[in-house]
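Results of the structural survey
Chain residues, written in single-letter form:
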Amino acid sequence: RGTVTAFSPFDARADAEALRKAMKGMGTDEETVLKILTSRNNAQRQEIASAFKTLFGRDLVDDLKSELTGKFETLMVSLMRPTYIFDAHALKHAIKGAGTNEKVLTEILASRTPAEVQNIKQVYLQEYEANLEDKITGETSGHFQRLLVVLLQANRDPDGRVDEGLVEQDAQVLFRAGELKWGTDEEKFITILGTRSISHLRRVFDKYMTISGFQIEETIDRETSGDLEKLLLAVVKCIRSVPAYFAETLYYSMKGAGTDDDTLIRVMVSRSEIDLLDIRQEFRKNFAKSLHQVIQKDTSGDYRKALLLLCGGEDE
């Protein structure tokens, strides 16, 4: 359900030559760069980079960095990052140096499947010779840290037959841990939301609403705060619908004054081959505007052109 698929007929050499020509000498032909890189899938971009090195003895990413600037450069360089490294790289930068970018930790760990999380941990170890869990626990604390660690275990129950008795039990436990309790028993929320299967939790949320009269999101909003609240809400939203979660993430990255370009780029690039069509649908449904319209209004120049090509069309 991605907007970017394998380009055919594909010729890595011809693309490499066109890119070299676009960046050689005075000035850069940005149009050619963005057209090629947004219309090839990630595997093809890697082939182009390799052909580029073979033909010209130059590193394509280094050339992009020296020829382009600003957000447009960030977007093109992000497109060139191998898919399997993308999340590991984003996490590495989120926990690097002073201050941690909790937003990135939340977005990635709440939305990726257990198989994807296992893969991220492996790649992180290979690329950076460090244990991702150790790095994250070193930079976070409290219940927020606990829930991240639970998600990093990637041990969510696989989807299978849903046991109604257990659904009822979990809904009651959550109700008692939050609404019925003076203070909140965060551990219960962390365990249940971090380990039960997706189909089980969807039933739990319905049952919770029946028992308490509240949506689980309302309870989390009232009973928790700060980074833990944001992470719990992200987990709940992703259990309900990953595309809806990303539609909302994109909407808020462009809402109000200023744009959160890092988030906009990260989501557009990381979902372009997975579910961007579904995200577009959810965006249209939930915000009464199309993703295309909002990007059009909120960005400019080559950066806008490239984002619109990744977006892949207008939803009436």
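Residues numbered from 1 in each chain as written. Predicted model: local features only at pLDDT ≥ 70, side-chain atom pairs only at ≥ 80, totals over all residues. Heavy atoms only, no water.

For the structure on display, the rule yields zero disulfides. Cysteine Cys238 remains unbridged, with the sulfur of Cys311 as its closest cysteine sulfur at 20 Å. The class for Cys311 is buried, based on a relative accessible area of 0%. (Disulfide = S-S within 2.5 Å. Buried < 20%, exposed > 50% of the residue type's maximum accessible area, 1.4 Å probe, protein only.)

Further remarks concern the environment of Asp163. Structurally, Asp163 is set in the loop between helix H10 (142–153) and helix H11 (164–177). With a relative accessible area of 39%, Asp163 lands in the partly exposed category. Residues Asp163 and Arg203, spaced 40 residues apart in sequence, show a C-alpha to C-alpha distance of 9.6 Å. Engagement of the side chain of Asp163 in a polar contact is seen with the backbone nitrogen of Gly165, the distance being 2.8 Å. (Helix = DSSP H or I, 4+ residues; strand = E, 2+ residues; numbered from the N terminus. Polar contact = N/O pair within 3.5 Å; in protein donor to acceptor, adjacent residues only side chain to side chain.)

According to the domain assignment, the protein consists of domain 1 (12–80), domain 2 (84–153), domain 3 (164–240) and domain 4 (242–311). Between domain 2 and domain 3, the C-alpha centre-to-centre distance is 23 Å. Taken residue by residue, the interface counts 11 residues in domain 2 and 13 residues in domain 3. At the boundary of domain 2 with domain 3, total buried surface from both sides reaches about 1,100 Å², with 80% on carbon and sulfur atoms. Contact with domain 3 buries area across many residues of domain 2, yet His143, Phe144 and Leu147 alone supply 46% of it, more than any other trio. Run the count over domain 2 and domain 3 and you get one salt bridge. The salt bridge partner of Glu187 is Arg146, with a shortest N-O separation of 2.1 Å. Inspection of the domain 2/domain 3 interface yields one residue pair in polar contact (both at pLDDT 80 or more). For the side of domain 2 that touches domain 3, the secondary-structure elements that each account for two or more residues are helix H7 (102–111) and H10. (Domains from an automatic or database assignment. Contact = heavy atoms within 4.5 Å. Buried area = accessible area lost by both parts, 1.4 Å probe. Salt bridge = Lys/Arg side-chain N within 4 Å of Asp/Glu carboxyl O.)

The tally for this structure, following the rule as stated, stands at eight aromatic pairs. Where Phe175 meets Tyr208, the ring centres are 6.3 Å apart and the plane angle is 85 degrees; that geometry is what we call edge-to-face. A residue pair is termed long-range when its members are at least 10 positions apart, and Phe175 in helix H11 and Tyr208 in helix H13 (residues 198–212) qualify at 33 residues. Accessibility classification places Phe175 together with Tyr208 in one group, the buried group. Aromatic ring contacts, followed pair by pair, group Tyr251, Tyr252, Phe283 and Phe287 into a single cluster. Against the face of Phe56 rests Arg20, its NZ or CZ located 5.9 Å from the ring centre. Above the ring of Phe7, the side-chain terminus of Arg40 is found at 3.7 Å from the ring centroid. (Phe/Tyr/Trp six-rings, centres within 6.5 Å; stacked < 30°, edge-to-face > 60°. Lys NZ or Arg CZ within 6 Å of the ring centre and 35° of its normal.)

With that out of the way, let us pick up helix H19 (residues 291–298). Listing the buried residues of H19 in full gives Leu291, His292, Val294 and Ile295. Taken around the axis of H19, the buried residues stretch over an arc of 165 degrees, which confines them to a single face. On the buried face of H19, the contacting elements are helix H16 (242–254), helix H17 (261–271), helix H18 (276–287) and helix H20 (301–311). (Arc of directions from axis to C-beta.)

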